[in-house]
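Listed here are the chains, written in short residue letters.
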Amino acid sequence: MAHSALSQVPVAFSVNNDVSLRKSVFKSTRVTFLEKSRTSSLSLDFRVASSQSRDRSVVCMSVQQASKPKVAVSPLSLEDAKEPPMHLFKNKEPYTGTIVSVERLVGQNAPGETCHIVIDHGGKVPYWEGQSYGIIPPGENPKKPGNPHNVRLYSIASTRYGDSFDGKTATLCVRRAVYYDPETGKEDPSKNGVCSNFLCDSKPGDKVQITGPSGKIMLLPEDNPNATHIMIATGTGVAPYRGYLRRMFMENVPTFKFGGLAWLFLGVANTDSLLYDDEFSKYLEDYPDNFRFDRALSREQKNRNGGKMYVQDKIEEYSDEVFKLLDNGAHIYFCGLKGMMPGIQETLKKVAEQRGESWEEKLSQLKKNKQWHVEVY
């Protein structure tokens, strides 16, 4: 997910057509797929699609899947810090990381392209689940000749141990932003997302400028390992939740033994647009008492009123359960396009009123109790 935590930092759009924003001038083109990713020495199912042709759209059919027993991680010293690492590398002195792999995550019929990008930071830019990296794309800022591009912020889609479980990589989930002129319908490359296209076009071995990490809003509270976490995402907003879920269900972390409930609501356009579905489905199979997963496919499913199924409609289906869990202290997270929030807030307000409650008072209490976590862009 791309987002901005600071108002003065330009946003790298990861646009989705599956939320309340019914129309968008952003579409996507098919792109290159790259060499095989570096394989892990661990015995995991890690099948990576690869191709050298720019004209062929290649799909990463299966990212690493969950496995029992859980995977050993290192170095466990990453658990020692009492506070999350913040701003270790500034905009003027970024860290130079290396691209490990770039894989297409979505199918042929997805409206747009989303890539799974693994970056080697050599253990020098540690982070916690729910934080973000800043990326500075190469080249100069056209609005400030002689100066580098502005930083774009991306939520990290891996745990602090990374996809190789050794604490040396971080994963980004990036939607390629391609601009089409609404009048002519033709692509205007000059308005394409600079950073998302740089990342999606990068190849193993390419260098990337990293700042951060940053962000505390989406940190996973671990004071109660039996807590309930309700996670709501549209598109690449699923990034931080992938990190949460790997920490809960895939990794053997001695200091965090999750025994609560994780409930993920994911809104995308269609089945081909689902992200990390193999991983999430495996958690459902292995941990049915601790994980729930509900998909809202706006172009394939209908809501109870016969309209398109958006993530807020899926939440409404389970509204009684969701409200009872919140009353009992559940954390609720929202990540994705800013346009998702009005529809969700409207739905929650309607449900609250049906229950004879004031949504404004309830929301105020959730925020006061630090149960309400929002990061939209």
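The name recorded for the protein in an unreviewed UniProt entry is Ferredoxin--NADP reductase, chloroplastic, from Salvia divinorum. Looking at the Cofactor (unreviewed entry) heading of the UniProt record, one finds this comment for the protein: "FAD". Its UniProt record, at the heading Subcellular location (unreviewed entry), says of the protein: "Plastid, Chloroplast".

S.K.: Let's hear about the overall build of the protein: which residues, and what values?
M.R.: Summing up its helical and strand segments, the protein has seven helices and 16 strands in all. Sorting the 377 residues of the protein into buried and exposed places 57% on the buried side. The contacts in the protein between residues at least 6 apart in sequence include a share of 74% that link residues at least 24 apart. For the protein, the exposed area adds up to about 16300 Å²; of that, 48% sits on carbon and sulfur atoms.

S.K.: I'd like a rundown of the UniProt feature "binding site: NADP(+)" (unreviewed entry) in the protein, residues and numbers included.
M.R.: The UniProt record annotates "binding site: NADP(+)" (unreviewed entry) at Ser155, Arg175, Thr236, Ser298, Arg299, Lys308, Gly336, Leu337 and Glu375. Locating Lys308 in the fold gives a position in the loop between strand S14 (291-297) and helix H4 (311-317). Looking at Lys308, the relative accessible area reads 41%, which means it is partly exposed. If sequence neighbours within four positions are ignored, Lys308 has contacts with Ser298, Gln301, Asn303 and Asp313. Residue position: Glu375 is located in strand S16 (residues 372-376). A polar atom in the side chain of Glu375 sits 3.5 Å from the side chain of Ser155.

S.K.: So what's going on with the layout of surface pockets? Which residues, and what values?
M.R.: Space inside the second largest pocket adds up to approximately 410 Å³. Forming the boundary of the second largest pocket are 17 residues, of which Ala81, Lys82, Trp128, Leu220 and Glu222 lie nearest the centre. When the residues that make up the lining of the second largest pocket are grouped by side-chain class, the tally is seven nonpolar, one polar and nine charged.

S.K.: Describe helix H7 (residues 359-368), naming the residues involved and giving the relevant values.
M.R.: Taken together, the buried positions of H7 are Trp359, Lys362, Leu363 and Leu366. Viewed end-on, H7 has its buried residues packed into an arc of 100°, placing them on one side of the element. With respect to the buried face of H7, the exposed residues turned more than 90 degrees away are Glu361 and Lys368. On its buried face, H7 sits against helix H5 (319-327), helix H6 (340-354) and S16. Following H7 by one or two positions, Lys370 has its phi on the positive side, about 60°.

S.K.: Run through the nonpolar core, naming residues and quoting values.
M.R.: Proteins that are soluble and globular tend to have nonpolar side chains buried together. Tyr241 and Leu245 are the most contacted members of the largest nonpolar core, which has 40 residues in total. Where this core is concerned, the elements lending two or more residues are strand S11 (228-234), helix H2 (239-250), strand S13 (261-268), helix H3 (277-286), S14 and strand S15 (331-336). Residue contributions to this core peak at seven residues, all from H2. Those residues in contact with Tyr241 that lie beyond four places of it in its chain are Met218, Met231, Ile232, Ala233, Leu264, Tyr333, Phe334 and Cys335. Formed by 24 residues, the second largest nonpolar core is a distinct cluster that contains Phe265, Ile332, Leu363 and Leu366.

S.K.: Can you break down the sheet that holds S13 residue by residue, with the values?
M.R.: Judged by pairing direction, the sheet is parallel, and its five strands sit side by side in the order S14-S13-S11-S15-S16 without closing on themselves. The open sheet has two edge strands with one neighbour each: S14 and S16. Neighbour to neighbour, the strand axes of the sheet diverge by 10° on average, direction disregarded. Strand direction decides the pairing type here: S11 and S15, joined by five bridges, are parallel. For Ile232, the partnering residue across the bridge sits in S15 and is Phe334.

S.K.: Talk me through the environment of Glu113; I want residue IDs and the actual numbers.
M.R.: Its place among the elements puts Glu113 in the loop between strand S4 (95-104) and strand S5 (114-120). Taking the C-alpha atoms as reference points, Glu113 and Arg175, 62 residues apart in sequence, are found 5.8 Å from one another. Of the polar contacts made by the side chain of Glu113, one reaches the side chain of Arg104; its length is 3.4 Å. A distance of 2.9 Å separates a polar atom in the side chain of Glu113 from a polar atom in the side chain of Arg176.

Reading the values: rules and limits
Residues numbered from 1 in each chain as written. Predicted model: local features only at pLDDT ≥ 70, side-chain atom pairs only at ≥ 80, totals over all residues. Heavy atoms only, no water. UniProt positions renumbered as here; feature names shortened; annotations may be inferred. Helix = DSSP H or I, 4+ residues; strand = E, 2+ residues; numbered from the N terminus. Buried < 20%, exposed > 50% of the residue type's maximum accessible area, 1.4 Å probe, protein only. Contact = heavy atoms within 4.5 Å. Areas by Shrake-Rupley, 256 points an atom, 1.4 Å probe, with all protein chains shown as cover. Polar contact = N/O pair within 3.5 Å; in protein donor to acceptor, adjacent residues only side chain to side chain. 1 Å grid on protein atoms, 1.4 Å probe; cavity = no way out; pocket = protein on both sides within 12 Å on 5 of 7 lines; lining within 4 Å. Points joined across faces, edges and corners; volume = space filled by probe spheres on them. Nonpolar A, V, L, I, M, F, W, Y, C, P; charged D, E, K, R; others polar. Arc of directions from axis to C-beta. Core = buried A, V, L, I, M, F, W, Y, C linked by side-chain atoms within 4.5 Å. Pairing = 2+ DSSP bridges. Axes fitted to C-alpha atoms, helices over the stretch in contact; angles between N-to-C directions.

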